[in-house]
Number of protein chains: 2
Amino acid sequence: MSVIPNGGPATACGLRRFPKLSQIAGDLMDDLEASCHIQHFSAGQVVVEAGDAPDFVACVQSGYLRLQKTLADGRRHIVGLLVEGDLFGRVFDAPIQFTIEAATDAEVCCFQRRTFEDILLRSPELERSLMLNILSELDRARDWMTILSCHKITGRLAGFLLILCSRFRAVDHVVRVDGECLDVLVPISRPDLAHLLGTRRESVSRAFHALEDEGMIDILRPDLIRVRDVEGLAAEAGDEELAGRVALLQSTRNLSRKA
Amino acid sequence: MSVIPNGGPATACGLRRFPKLSQIAGDLMDDLEASCHIQHFSAGQVVVEAGDAPDFVACVQSGYLRLQKTLADGRRHIVGLLVEGDLFGRVFDAPIQFTIEAATDAEVCCFQRRTFEDILLRSPELERSLMLNILSELDRARDWMTILSCHKITGRLAGFLLILCSRFRAVDHVVRVDGECLDVLVPISRPDLAHLLGTRRESVSRAFHALEDEGMIDILRPDLIRVRDVEGLAAEAGDEELAGRVALLQSTRNLSRKA
DNA sequence: CGGTATTTTGAGTATCGTCAAGGCCAGTGG
DNA sequence: CCACTGGCCTTGACGATACTCAAAATACCG
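Along each chain, residues carry numbers from 1 onward, in the same order as the chain's sequence is written. All chains are assigned letters beginning with A, and all ligands numbers beginning with 1, in the order in which they are written. Only residues with pLDDT of 70 or above have their local features reported here, since the model is predicted, and side-chain atom pairs are shown and tallied only from 80 upward, although totals for entire chains, interfaces and linings are computed over all residues. Hydrogen atoms and water are omitted, and side-chain values are computed over all heavy atoms in the structure.

## A short note on the domain arrangement of chain A
Residue and element names in this part refer to chain A. By convention here, the domain bounds are inherited from an automatic or database domain assignment. When the domains of chain A are assigned, the result is domain 1 (14-133) and domain 2 (146-258). The junction of domain 1 with domain 2 conceals about 1200 Å² of combined surface from both sides, 60% of it contributed by carbon and sulfur atoms. Simply put, the buried area is the total loss of 1.4 Å probe accessible area from both parts when two parts are fitted together. When residues of domain 1 are sorted by the area they lose upon contact with domain 2, Y64, I78 and L81 head the list and together hold 43% of the total. Only one rule defines a salt bridge in this text: a Lys or Arg side-chain nitrogen within 4 Å of an Asp or Glu carboxyl oxygen. A salt bridge links D86 to R167; the nearest nitrogen and oxygen atoms lie 3.1 Å apart. In protein, a polar contact requires one atom able to donate a hydrogen and another able to accept it; more generally it is a pair of N or O atoms within 3.5 Å, and residues adjacent in sequence count only if both atoms are side-chain atoms. Scanning the region where domain 1 abuts domain 2 turns up four residue pairs in polar contact (both at pLDDT 80 or more). A run of H or I in DSSP becomes a helix once it reaches four residues, and a run of E becomes a strand once it reaches two; helices and strands are each numbered from the N terminus. Among the elements that line the side of domain 1 that touches domain 2, the one with the most residues is strand 5 (residues 76-82), at six residues. Classification convention: Asp, Glu, Lys, Arg as charged; Ala, Val, Leu, Ile, Met, Phe, Trp, Tyr, Cys, Pro as nonpolar; all other residues, Gly among them, as polar. Grouping the amino acids of the side of domain 1 that touches domain 2 by side-chain chemistry returns six nonpolar, three polar and five charged.

In structure tokens, the structure reads:
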């Protein structure tokens, strides 16, 4: 993977990848890297059970984890996705409230909870980065809420696609093709997507094809979507702010491609 | 208000009320209290505009603030409520992503952002408390998401009522009456509640009366609900965990009443 | 090339959103 | 003290949308 800026395979845990964590004192980073170990999960495996108080803090290396809750009637609801670079596991105390499962095969970098906390106490910068991380996570959760508030499923799906474009851009599934189009790899299955959007797989399918009929997207494969009309999707989602974020992404991409 | 354990009106800002903050070194607390000032807002007033980077961190003293986003078509969506003891305003950097408005008349205790950050850097305990606070906020946001995922409005309303019972119990609107019943004061108007649940006021109204017809609640006044059947509500919401939290509340209340 | 899992489509029903009208309560002014 | 007015909540009727169940089509894998 050429994505990793510093350190090759020898740097087992990818913490240095974090832009926000990259300024941390070298010795602290060394301690962190020394205390970590990589763990592999295959799709569908449970990483942490809801209610547990796991003894580690972890960082996703590759793949997708889903944050979910199983409801009384057996249905599960997905409240978020964790991707490359996301942290999970609770620092200090408090149990995990949601089950974490691997949505795809995934690699996770684990730190002993005690060790992590010790390092945290020694480094206000790290603690601060962590806090900012959690704050942005909070905003993301509220973005999901905004999406869920949309009455029409097409609107929710439109919002989801835009979030995928803007937030998960760093990861390798938004493949920029040319001036107007973005190819998005939808990382989860239809049933999972349905649970995330608070609906059923049939409705998700219909919504995809409705957006295609409107000319806003092309369905290249069930899991590969070409976004043709960002503004249209934003209008459908009722949230023009999302369009702004994607536009930002596009200009950034253009710049980096020129460089 | 007899609610405040330590200090009367002389302790202008109610920070000491926080159970989690009460263990902080006295001088730090003094500094905090010295740097704060109370601000009043009347219902409907804007506290912070989305996109702003306000120069203060604040703590709600009384009343309700709503965290909301105005969508392209002019409708607004509410993503959360802030009550007595909740903190808002972003520490360190990053702008506020949602508009904050007073839902009722409210008092807010403001700290100079710089001052607050300085004190934060001097006190790992305070920073840690703040982090735990944000983490629980994150869980709350995900609870809202779970509620929003319910297809039937009655289910969402049931979930809302249970959250009101469990999370907002410390504030003075869950009035315990006797063994089986809880009287809940719904703090926001029907339109606001509709925006919070992602629906319309008419549907909210119908849902209230549907739950009443099922015998799960009594509508004493439009804004005063008697909860008769916690289990039933939890089943309607599809989330038995919520019932557990309310049960916990009930037993706690019973104990404290005996004492 | 066959078998399985996933996705898609179709038909019927339930639920919700919309528009419009009616009721309830509080505050105002006679 | 009572009628009036305005805001909010409620109710009713109708159309739009999504959910359910069932079956077909497609993609995936060996």
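That shown, we press on.
## Brief notes about the side chain of A:D183
All names here are of chain A. For D183, the position within the fold is in strand 10 (residues 181-185). Categorising residues by exposure relies on relative accessible area from a 1.4 Å probe, with only protein chains included: less than 20% of the type maximum marks a residue as buried, more than 50% marks it as exposed, and the intermediate range marks it as partly exposed. Look at D183 and you get buried, because its relative accessible area is 8%. Among the polar contacts made by the side chain of D183, one reaches the side chain of R226 at a distance of 2.8 Å.

## Considerations on the protein's contact with DNA strand C
Any residue with a heavy atom lying within 4 Å of a molecule or strand is counted as near it. Surrounding DNA strand C, one finds 17 residues, the nearest of these being A:R190, B:I153, B:T199, B:R200 and B:S203. Backbone sugar and phosphate groups make up 69% of those atoms of DNA strand C lying within 4 Å of the protein. Between DNA strand C and B:T199 there is a distance of 2.6 Å, counted from a phosphate oxygen to a side-chain nitrogen or oxygen. Residue assignment for the surface near DNA strand C shows that the elements contributing at least two residues are helix 5 (190-197) and helix 6 (201-213) of chain A together with helix 6 (201-213) of chain B. Here the surface near DNA strand C takes five residues from helix 6 of chain A, the largest share from any one element.

## Some points on the relation of the copies chain B and chain A
What connects the two chain copies is a rotation about an axis and a shift along it. Superposition of the copies used a least-squares fit over C-alpha atoms from residues whose pLDDT is at least 70 in both. You can overlay chain B on chain A at an RMSD of 0.0 Å; the transform is a turn of 180 degrees with a shift of 0.0 Å along its axis. What we have between these two chains is a two-fold relation. Contacts were defined at the residue level, with two residues in contact if any of their heavy atoms lie within 4.5 Å. The share of interface residues of chain B whose copies in chain A are also at the interface is 100%, consistent with both copies meeting through the same surface.

## A word on the protein's contact with DNA strand D
Lining the immediate surroundings of DNA strand D are 17 residues, of which A:I153, A:T199, A:R200, A:S203 and B:R190 lie closest. Side-chain polar atom of A:E202 to a base nitrogen of DNA strand D: 3.2 Å apart, as the coordinates give it. A:R206 places a polar side-chain atom, nitrogen or oxygen, 3.2 Å from a base oxygen of DNA strand D. The element that contributes the greatest number of residues to the surface near DNA strand D is helix 6 of chain B, accounting for four residues. Split by residue class, the surface near DNA strand D holds three nonpolar, seven polar and seven charged.

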